[in-house]
Amino acid sequence: MTPASNLPFSPSSAPLGAHGAPICAHETANVRLQRSDNLRRPKAFINAGTIKDESGHVATVALQDGTEHTPDNAEAIFTQLVTGNARWHWPEEPEGEHLIGFDTVSEQRRFAPGHYLDEGVDLTVIQGERKARVIHLPPPVIISLREPAPASGDLLTDEQLDYFRENGNNALIYIHGYNVSHGEWGRFLNRQDSQKHYGGHGPGPRTAWHPNKATVWQDTEALSEFTASPLEDDDVNGTGAHSWAIHMEYQLNRAAGFDGKDWMPYSRIINISWPGDTGSTDFMQAELNAMTSGRRLAPLLLQLADAGIAINLISHSLGARVALTALNIVGTIGRSNLVDHLFLWQPAVADNALTNNNSRDVHPLGLGVFPSAHSAARKIVVLHSRGDGILGPENADDRAWWQKALHHIQPLAMTAWTLAKADAPMDEILGKLHGAYNKKWWCFPSFLDNGFGPAIEKLYKDYLPLTFEAGKTAHPQRSAYVPEAVKKTVQANWDRLEKDILAEADALWQPCIDCLRNGERPPDYTLLAPLNHRASVSLQIAKDYVFRLKKLAVNGWFPEQSPRPALGYVGFDEVANEEATAFDKFIFESLNDGKFIPANQSKWLFIHSGMKTPTQELFEEIYQREIMQNRLLANSKFGRY
Amino acid sequence: MSKFNLRTLLLLGLMLAAGYGLWQGYHSSGPIMSASVSENGAFAITAHKDQKLILWDLKKHRRKIISRNANIYSAYFIKQQPTFLWQGLDNVVTAQSVNGEVQKAFELDKPTYGHFMTQDLNTYYYSDIGWGIFRRSEDGSTETLKATDGRAFFGYHKLLNLSMDDSEQLMVSAGSGEPKGFEPPYYRSLQDVLDQGAEYRYLYSVALWNIEARKPTAKLDGNSSKTHATLSPDGQWVVSADEAGIGLFWNTNQPDMKHRLSSYHSGVYLDDSPYETGDLRNWDDSGLIEASAGLHTFTIALAFIHNSEYYLRFGNNSHMAALFKTGSPWPVKYFDLGESPKLVTYGSQYSRNTAIATSPEAGILAMGHQSTGGISVYQFDPDQLTLERIWVVE
């Protein structure tokens, strides 16, 4: 009812019938809905929902049986509807295919995903037939590498592949970082049924949700206007890898030109979910998982490349190890320039990880560098920041403090334990440890599971004990008398482990090569899991690995060398300094060649995960300028932007 | 002494200390953000982080605070004139002689992030926060040479460095380098940049401009990340170097022909080498001189020190400068600029590369310090090839 009206009822705006008859004559008509995605490709209806016409009648429709995306299957015809105002309710099936447009001959309407869920889409049933095109977002793409799956499960479906081919013939892959759970999608707020608190007389406060999964970013703060108390971002924008997917996809679209209103150009990205959530400080295990995941990612890269689709990769934090493993593997088999750009955002890998020279690796087990990764990418942009409290600081004062702490393990352990248990974001906890990355090889406090011991002993659990002080590996200085029987057992375990490791290397060498040449998933190394970043492991490499392992065991799983500083913290400062002992000619040359590009974010990025909800400055300077404008939009592509 | 007298003395002492502190604060200055040396080498003008504008008499070793409200990026000496240019926080741009006479003043609609003026004081060129380039004519009209782009200055935390030759025919701009593009069609030509954004909005890389025609004539590619470049006074050479350690030069008559500067230990990188990356044969070290310790190729700035013949390259986190001769890729000599006080070259201060200034005609180099408001001044001797620190104000 308009405010100007004095009538106690609202007059019908429905058109009169063919002979000027009012609606009580029950003139009926059809509504023909054609479903498509935002590329205007027909999409089969799984469930066409309902239309409630002006008489209150709720109509459903019998669909074609086929699920193929043919024009016939993409059509739903509602019949016997009374002419006049009506509402279409669609249950969002399949999940994640949010309604974003409703086009009739005379009008093009655009919706933000989820916005129509409260009231449905209003339409006018006209005499004869109302035709409309309903437009949906394509579903999100998450490739989960967390659980064992058949090889095809790591690849895109034909439908997904078609989407990326037709959406500008390019795909952007995002790989999240350390300690991110798989999580789940967010939800759409039911604004109609949510109620604010109205003092003592009104209805009680209530937050109601639609059952539909929300797979795109929503403004949590703005939605909180409709609820009694501020909403949690996790409820709205999901958790874990799903939350990262939602945020990154939205920001990347926005950076490319998406205005936040018209979702027609919105492009889906490929999100990789991998098991990096190994506990707050079990970094070594997370590294092993990253390499296993990278191995599974390689065939996806080959699939896209073989389909002629341009690939760009963005990784965050330890996601760099996933990306570099995949690129190292495809680079090893000679697939050069497979990826247009690799953006390593705050990479939690060594600053010399991109060298081509294995001998530069200071990692005691030989998993610090990715010698062939460089060849698989045309350009590698390293976004680093001295403001990253997780990856740095690598300064003498800080080290001294921790070294002093070695003599006071108990108080330190208590502090660390308090921090680890604190109800605070992981970044904050790790940040308080003053550069957690630099302590990744430390073997204390053991109950925090950091260092090499726990991960290695888990890996070789069937071969324990491998040291004379099993269970006390964090304290190699506690030497004491070792019974002969224990020595014999340890020796026998080593003999057995060595034999099995060499057997594994021998057995998988050729299958790995063959699989990769055919674009198939290579077998995983189990005992040689720390070398999963290699396409295949020769007998010689396996022998060298055993030697390194023994050396580490003798030292109580305690490495003799410190790790290289994180690339995401120092950039190339040290490895490209001609006078530094860590100088790496290959990296120096790759910088000169313009293949490796440093992008120092120290002035804007002060939080390790700051890019998830970027400040305006970070958004403008990194998302918009460094990633989109200068790189993807200039030299490659992002969707149809 | 009575308790009363003691208390009075203490109070007096405190007052004196506070007064001294205030006096010090009033007269001291923040670190230099931009500097320029007069062509005769007699003066330097510097703008400081605390907005002071200071005129330094390099002969008499005196200084004079010209303003306490100056734009920190606005200190500039007009070529062949005893006149310097600066902008107040009220956006008024003033051309002022060293004896204090205001020769020209006008108000801009925005703060400048680097500027210069022709010798006849009629035409004024300036950049803004978005790396735009504008030309203001004598009648006050302004035209855009390069469109502004958001807040590019914040993005790169660096100015769009501008330089002009003595004949006022050519200009060089340098923001963020563009390494070699992919093979066509990925490579971006000058026309591609124009197509991407009107009025060369996205022309960040080193570019050579024809001032008369008011448009870029060449896109000088090959640098990476934060890039500094400058033009020789005779307009014959463009030299550039950057945050990734790439050093390049071009003859302005052949802007398509890029030449690489030698690094200090490895030599000249050979672009067309058939060998794999990392192969030692990709480098020509035949002309290298013995390196000194502390040289860094990651470069903050370059500056001509003797006419158009010699120029200096300043490495990040280094107190060494490398002397190069135009037309040659090889370093000629290395100079130790002194460890103390720490120079502006320390701490990745690319946004302060304008705190390094020279008079190529007089062979004078003036540099700011890392975190204090002083200045270091050096004299270059082209015959002996020496660079002597002649004045330090801490």
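Since the structure is predicted, the reported quantities are computational estimates derived from the model, not experimental observations. (Residues numbered from 1 in each chain as written. Chains lettered and ligands numbered in written order. Predicted model: local features only at pLDDT ≥ 70, side-chain atom pairs only at ≥ 80, totals over all residues. Heavy atoms only, no water.)

Student: Let's hear about the overall build of chain B: which residues, and what values?
Tutor: Counting its regular elements, chain B contains three helices and 31 strands. By residue count, 59% of the 394 residues in chain B fall in the buried class. Considering only residue pairs separated by 6 or more positions, chain B has 47% of its internal contacts joining residues 24 or more positions apart. (Helix = DSSP H or I, 4+ residues; strand = E, 2+ residues; numbered from the N terminus. Buried < 20%, exposed > 50% of the residue type's maximum accessible area, 1.4 Å probe, protein only. Contact = heavy atoms within 4.5 Å.)

Student: Go over the nonpolar core, please, and point to the residues and values.
Tutor: A general trend in soluble globular proteins is that nonpolar side chains are found buried together. Counting 107 residues, the largest nonpolar core has Ile173(A), Ile270(A), Leu304(A), Leu327(A), Phe572(A), Phe314(B) and Leu365(B) as its most contacted members. Looking at which element gives the most residues to this core, the answer is helix 5 (residues 283-306) of chain A, with nine residues. In this structure, Ile173(A) is in contact with Ile270(A), Ile272(A), Leu300(A), Leu301(A), Leu304(A), Ile311(A), Asn312(A), Leu313(A) and Ile314(A), ignoring residues within four places of it in sequence. Among the nonpolar cores identified, the runner-up in size contains 37 residues, and Phe116(B), Ile133(B), Tyr204(B) and Trp209(B) belong to it. (Core = buried A, V, L, I, M, F, W, Y, C linked by side-chain atoms within 4.5 Å.)

Student: Outline the sheet that holds strand 27 (residues 331-336) of chain B, listing residues and values.
Tutor: Residues and elements named next belong to chain B. In space, the four strands of this open sheet follow the order 24-25-26-27, with antiparallel pairing throughout. Sheet topology places strand 24 (299-306) and strand 27 at the edges, where each strand pairs with a single neighbour. In this sheet, neighbouring strand axes are inclined to one another by 25° on average, regardless of whether the strands run parallel or antiparallel. Two elements, strand 24 and strand 25 (residues 310-315), share six bridges in a ladder whose sense is antiparallel. Each bridged residue has a counterpart across the sheet, and for Leu-302 the counterpart in strand 25 is Arg-313. (Pairing = 2+ DSSP bridges. Axes fitted to C-alpha atoms, helices over the stretch in contact; angles between N-to-C directions.)

Student: Let's hear about the interface of chain B and chain A: which residues, and what values?
Tutor: Interface extent is often summarised as the accessible area lost during association of the parts. With 43 residues of chain B in contact, the opposing surface of chain A contributes 37 residues. Taking both sides of the interface into account, the surface hidden between chain B and chain A amounts to around 3500 Å²; carbon and sulfur atoms contribute 46%. In this assembly, chain B and chain A are joined by two salt bridges. Put simply, Arg151(B) and Glu620(A) hold a salt bridge, and the shortest N to O gap is 3.6 Å. Run the count over chain B and chain A and you get 20 residue pairs in polar contact (both at pLDDT 80 or more). Mapped by element, the contributors of at least two residues to the side of chain B that touches chain A are helix 2 (152-156) and strand 18 (225-231) of chain B. (Buried area = accessible area lost by both parts, 1.4 Å probe. Salt bridge = Lys/Arg side-chain N within 4 Å of Asp/Glu carboxyl O. Polar contact = N/O pair within 3.5 Å; in protein donor to acceptor, adjacent residues only side chain to side chain.)

Student: Lay out the packing of helix 11 (residues 484-517) of chain A against helix 12 (residues 539-554) of chain A in plain terms, naming residues and giving numbers.
Tutor: Helix packing geometry: the angle between the two helix axes and the distance between the axes. Residue and element names in this part refer to chain A. The N-to-C vectors of helix 11 and helix 12 enclose an angle of 150°; their axes lie 9 Å apart at closest approach. With respect to helix 12, the element helix 11 is oriented roughly antiparallel. Of the two elements, helix 11 crosses helix 12, and the hand of that crossing is right-handed. Contact residues: helix 11 offers Trp-494, Leu-497, Glu-498, Ile-501, Leu-502, Ala-505 and Asp-506, while helix 12 offers Leu-539, Ala-542, Lys-543, Tyr-545, Val-546, Leu-549, Lys-550 and Ala-553. (Parallel < 35°, antiparallel > 145°, perpendicular 65-115°, else oblique. Left-handed = near helix turned anticlockwise from the far one by under 90°.)

Student: Give me the pattern of salt bridges: which residues, what numbers.
Tutor: Scanning all chains against the criterion turns up 44 salt bridges over all chains. In this structure, the salt-bridge partner of Asp149(B) is Arg625(A), at a minimum N-O distance of 2.5 Å. Taken together, the positions of Asp149(B) in the loop between strand 12 (142-146) and helix 2 and Arg625(A) in helix 15 (residues 616-635) put the pair across two chains. As far as burial versus exposure is concerned, Asp149(B) and Arg625(A) are alike and both buried. Connected via shared salt-bridge partners are Arg40(A), Asp103(A), Arg110(A) and Asp262(A).

Student: Lay out the pairing of strand 2 (residues 43-48) of chain B with the relevant residues and their values.
Tutor: Residues and elements named next belong to chain B. Most of strand 2 is tucked away, with six of its six residues classed as buried. Residues Phe-43, Ile-45 and Ala-47 of strand 2 are buried on one face, and the alternating residues Ala-44, Thr-46 and His-48, pointing to the opposite face, are buried as well. In textbook terms, the turn of a hairpin is the stretch between consecutive antiparallel strands, and for strand 1 (residues 32-37) and strand 2 this stretch comprises five residues, one of which, Gly-41, has a positive phi near 75°. As judged from the five bridges shared by strand 2 and strand 3 (residues 53-57), these two strands associate in the antiparallel manner.

In short, geometric facts, not functional conclusions.
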